[in-house]
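Observations on the model geometry
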Amino acid sequence: MMNNTFYNEILTDHNLHPAHKKKLEDANLVLEGVNPSCGDDIILELKEENGIITDGAFAGSGCAISQASVDMMLELIIGKTKEEAMELAELFSKMIKGEASGEELEPLEEAMSLADISKMPARVKCAVLGWRTMEELLDK
């Protein structure tokens with residue numbers, strides 16, 4: 001498991017310098033995700049071609065955890081099939097529920113740094129907002 005300093009560095013970097021917080025002009029899948037309990041609000045935009053997520057972006061506002069989590073998620077799912085993206089979302093959900101740990105989390109790469117959110121129930125909805133929005137979007 002990652003130490004707390006590394007977690008903070010990853011979270012801060014994705015929050016202050018998100019690679020995917022922008023408008024995606026040619027998105028063909030768009031959905032708004034809202035966390036009414038804290039006010040986090042994102043608009044997730046994906047470009048899907050032949051079953052592959054070829055690009056993605058998000059806009060919106062929220063806490064550092066929600067913003068960093070969606071940015072990490074996009075890093076992971078761009079270039080993947082819809083099925084692979086859904087499998088990553090399932091693994092992320094298991095991790096956040098405390099049902100998965102160790103080596104089985106390696107496919108989540110930097111998103112593994114959010115594993116300790118499982119010990120902060122009030123922040124779980126923040127961490128999963130982007131992932132749930134992506135699942136709903138791809139499940140349509």
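Refer to the structure presented above.
Overview of the structure. (Residues numbered from 1 in each chain as written. Predicted model: local features only at pLDDT ≥ 70, side-chain atom pairs only at ≥ 80, totals over all residues. Heavy atoms only, no water.)

Some points on the nonpolar core
One finds Leu-46, Ile-77, Phe-92, Leu-108, Trp-131 and Met-134 to be the most contacted residues of the largest nonpolar core, which totals 41 residues. Those elements giving two or more residues to this core turn out to be helix H1 (4-16), strand S1 (29-35), strand S2 (40-49), strand S3 (52-61), helix H2 (64-77), helix H3 (82-96) and helix H4 (121-138). Filtering out sequence-adjacent residues up to four positions away, Phe-92 remains in contact with Ser-69, Leu-108, Ala-111, Leu-114, Ala-127, Val-128 and Trp-131. (Core = buried A, V, L, I, M, F, W, Y, C linked by side-chain atoms within 4.5 Å. Buried < 20%, exposed > 50% of the residue type's maximum accessible area, 1.4 Å probe, protein only. Helix = DSSP H or I, 4+ residues; strand = E, 2+ residues; numbered from the N terminus. Contact = heavy atoms within 4.5 Å.)

Brief notes about the packing of aromatic side chains
Enumeration according to the criterion identifies one aromatic pair in this entry. Here Phe-92 and Trp-131 contribute two aromatic rings whose centre-to-centre distance is 4.3 Å and whose plane-to-plane angle is 10 degrees, an arrangement assigned as stacked. Placement of the pair is Phe-92 in helix H3 and Trp-131 in helix H4, with a sequence separation of 39 residues. The class of Phe-92 is buried, set by a relative accessible area of 1%. (Phe/Tyr/Trp six-rings, centres within 6.5 Å; stacked < 30°, edge-to-face > 60°.)

A closer look at a negative patch on the surface
Taken together, the side chains of Asp-13, Glu-75, Glu-109 and Glu-110 define an acidic patch exposed on the protein surface. On the secondary structure map, Glu-75 appears in helix H2. (Patch = residues over 30% accessible without salt bridge, like charges linked within 9 Å, V, L, I, M, F, W, Y side chains within 5 Å. Areas by Shrake-Rupley, 256 points an atom, 1.4 Å probe, with all protein chains shown as cover. Salt bridge = Lys/Arg side-chain N within 4 Å of Asp/Glu carboxyl O. Lys, Arg positive; Asp, Glu negative; His and termini not counted. Charge placed at Lys NZ, Arg CZ, Asp CG, Glu CD.)

Observations regarding the side chain of Asp-40
Looking at the element boundaries, Asp-40 is found in strand S2. The side chain of Asp-40 sits in the buried core without any salt bridge; Arg-123 is the nearest counter-charge, 5.9 Å away. Side-chain polar atoms of Asp-40 contact the side chain of Ser-66, separated by 3.3 Å. (Polar contact = N/O pair within 3.5 Å; in protein donor to acceptor, adjacent residues only side chain to side chain.)

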